[in-house]
Amino acid sequence: MSAKSISTGADLHGVFPALFTPLLRDDPKHLNNGIDYEKAKRLIDDLIQSGVSGLVPVGTTGQSATLSPQQHFDFIRFTMEYVDSRIPVIAGAGSNSTRESIEMINRIQKEFGSVAVLCVTGYYNNPPQEGLLQHFSMLSSETAAKIVIYNVPARTASYLEAETLIALANDVNIIGLKQAVDFKSPGTFREDTIRIIKETRELDFAVVTGEDDALHSILSLGGTGIITASGNIPEVSKLYQAMIAAHAKGDHNTSEKLQTEAMAFVQKVFCRKNPIPLGTFFNSPLFLPLVSVRQTAGGIELEREILDFIRLKAPSLEKYHT
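As the structure is a prediction and not an experimental result, all values here were calculated from the model. (Residues numbered from 1 in each chain as written. Predicted model: local features only at pLDDT ≥ 70, side-chain atom pairs only at ≥ 80, totals over all residues. Heavy atoms only, no water.)

Structural notes on the overall build of the protein
Then comes step 1: Each helix and strand in the protein was counted, giving 12 helices and eight strands.
Then comes step 2: Taken over C-alpha atoms, the radius of gyration comes to 19 Å for the protein, in line with the 20 Å a tight globule of 322 residues would show.
Then comes step 3: For the C-alpha atoms alone, the extent of the protein along its principal axes is close to 50 × 45 × 35 Å.
Then comes step 4: Excluding contacts between residues fewer than 6 apart, the proportion of contacts in the protein whose partners are at least 24 apart in sequence is 74%.
Then comes step 5: Considering the protein, the positive charge centre built from 30 side chains and the negative charge centre built from 36 side chains are found 5 Å apart. (Helix = DSSP H or I, 4+ residues; strand = E, 2+ residues; numbered from the N terminus. Rg over C-alpha atoms; globule rule 2.2 N^0.38 Å. Contact = heavy atoms within 4.5 Å. Lys, Arg positive; Asp, Glu negative; His and termini not counted. Charge placed at Lys NZ, Arg CZ, Asp CG, Glu CD.)

With respect to the pairing of strand β8 (residues 225-228)
Where a strand is regular, its side chains alternate between the two sheet faces.
Then comes step 1: Side chains of β8 alternate between two faces, with Gly-225 and Ile-227 and Ile-226 and Thr-228 buried alike.
Then comes step 2: In the sheet, strand β1 (residues 14-19) pairs with β8 via four bridges, with the strands oriented parallel. What sits directly across from Gly-14, in β8, is Gly-225.
Then comes step 3: Both strand β7 (residues 206-209) and β8 contribute to a ladder of two bridges, which runs parallel. In the sheet register, Thr-209 faces β8, and the bridge partner there is Ile-226.
Then comes step 4: Crossover β7 to β8 through helix α8 (residues 215-221) is right-handed. (Buried < 20%, exposed > 50% of the residue type's maximum accessible area, 1.4 Å probe, protein only. Pairing = 2+ DSSP bridges. Right-handed = clockwise from strand over helix to strand, strands pointing away.)

Some points on the pairing of strand β3 (residues 90-93)
Then comes step 1: Alternating positions in β3 separate into two faces, Ile-90 and Gly-92 on one and Ala-91 and Ala-93 on the other, with burial throughout.
Then comes step 2: With four bridges joining them, β3 and strand β4 (residues 116-120) adopt parallel strand pairing. Bridged to Ile-90 within β4 is Ala-116.
Then comes step 3: A crossover links β3 with its parallel partner β4, the connecting element being helix α3 (residues 98-112), and its sense is right-handed.

Side note on unusual backbone geometry
Then comes step 1: Here the amide bond leading from Leu-288 into Pro-289 is cis, since omega sits at 15°, within 30 degrees of zero.
Then comes step 2: Its location among the elements puts Pro-289 in the loop between α11 (278-281) and α12 (299-313).
Then comes step 3: The backbone of Gln-63 sits at a positive phi, close to 60°, despite the residue not being glycine.
Then comes step 4: By secondary structure assignment, the location of Gln-63 is in the loop between β2 (56-57) and α2 (69-83).
Then comes step 5: Even without glycine at this site, Tyr-124 takes up a positive phi of about 70°.
Then comes step 6: For Tyr-124, the location among the structural elements is in the loop between β4 and α4 (129-143).

Quick word on the packing of α3 against α4
Then comes step 1: In contact at an axis separation of 10 Å, α3 and α4 are set at 35° when each is read in the N-to-C sense. Relative to α4, the crossing made by α3 is right-handed. Judged by residue contacts, Thr-98, Ser-101, Ile-102, Ile-105, Asn-106 and Gln-109 of α3 engage His-135, Met-138, Leu-139, Glu-142 and Thr-143 from α4.
Then comes step 2: For the contact of α3 with α4, a count of residues per class yields four nonpolar, six polar and one charged. (Axes fitted to C-alpha atoms, helices over the stretch in contact; angles between N-to-C directions. Left-handed = near helix turned anticlockwise from the far one by under 90°. Nonpolar A, V, L, I, M, F, W, Y, C, P; charged D, E, K, R; others polar.)

Observations concerning α2
Then comes step 1: Relative to the 21 Å expected for 15 residues at 1.5 Å per residue, α2 spans 21 Å between its end C-alpha atoms, a close match to the ideal helical length.
Then comes step 2: Of the positions making up α2, those classed as buried are Gln-71, His-72, Phe-73, Phe-75, Ile-76, Phe-78, Thr-79, Met-80 and Val-83.
Then comes step 3: Buried positions along α2 lie against β1, α1 (37-50), β2, β3 and α3.
Then comes step 4: Following α2 by one or two positions, Asp-84 adopts a phi angle in the positive range, close to 55°. (Expected span 1.5 Å × (residues − 1).)

Quick notes on the pattern of salt bridges
Then comes step 1: In total, this model carries 11 salt bridges according to the counting rule given.
Then comes step 2: Residues Asp-213 and Lys-184 are paired through a salt bridge, measuring 3.1 Å at the closest nitrogen-oxygen approach. Placement of the pair is Asp-213 in the loop between β7 and α8 and Lys-184 in the loop between β6 (174-179) and α7 (188-199), with a sequence separation of 29 residues.
Then comes step 3: Here Asp-213 falls in the partly exposed class, since its relative accessible area comes to 24%. (Salt bridge = Lys/Arg side-chain N within 4 Å of Asp/Glu carboxyl O.)

Focus on the nonpolar core
Then comes step 1: Counting residues in each nonpolar core, the largest one holds 85 residues, and the members touching the most others are Ile-108, Val-117, Phe-136, Ile-149, Tyr-240 and Phe-281.
Then comes step 2: Apart from residues no more than four positions distant in its own chain, Ile-108 is found in contact with Phe-73, Ile-76, Ala-91, Gly-92, Ala-93, Gly-113, Val-115 and Val-117.
Then comes step 3: Core analysis: the second largest hydrophobic core is formed by 17 residues, Ile-6, Phe-16, Ala-18 and Val-56 among them. (Core = buried A, V, L, I, M, F, W, Y, C linked by side-chain atoms within 4.5 Å.)

A word on the sheet that holds β8
Then comes step 1: Within the open sheet, the eight strands sit side by side as β2-β1-β8-β7-β6-β5-β4-β3. Their pairing is parallel. The strands lining the two open edges of the sheet, one partner per strand, are β2 and β3.

Section: the side chain of Gln-259
Then comes step 1: Mapped onto the fold, Gln-259 is located in helix α10 (residues 252-269).
Then comes step 2: Using a relative accessible area of 7% as the deciding quantity, one classes Gln-259 as buried.

Okay, here's the thing in structure tokens:
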């Protein structure tokens, strides 16, 4: 089995939804639900039709932390088979154990061919910079996979500093960075992001944002696109694509206006973190310890707001609620 490949930093350009994993309502305890593959097919078809550059199954938005190991690989297999080389696929992989990460990536490579992987920074065990450097270097040398690093300190309490990332960018198998930090505001995160983009410009390495409110900002700094949760909504993916096109033409005013327009969606998707509301957008349960919007404080009213919002702003999702 093979997929259309992301093999260079130049390929990491555009809009890449972090594919949501819809679940069946076959376990009211939300412990052993099956995957709703029919719903996933409709979602993938809509996103491909909307013009996205690729898909990222089983990232954090895809409930990677709570899917069973078998579901993890089954959903990657399903995505690759159903996409059928129409667009590239980047498989979610990685953990806070280097050994387990290598085993996971090698299994992906063995079962699915040469597939680029998105690997999160180490979490919980709080590795130092040297440990993170060795971790990603080892993933490269032991798997030969094309790797996109996911730097998300708010979720991992582990931050890959600019110097470490620049060193890793010199590895031919490490082709990109999903930078999920606040680089819009003055401070270390912005300075580091600018430095990374500047000092890797001559390398086969791309920087995309993992913050859905910051596509305009990363493009202004020299980044190339977005790996996005809200981009699961086709109307949002189209806005992001229009932003990238406007920016490429030098029309920064239009790009900024489109970012503002997209913020109405971003605020709804991320208002309960993780992003919990996507379950409501796609009428899907979530695995515990995530819960539906309805089960959170003020959730019944918010659920009603989201359903009204879908009717007004995201009609492509109405089919999930009929």
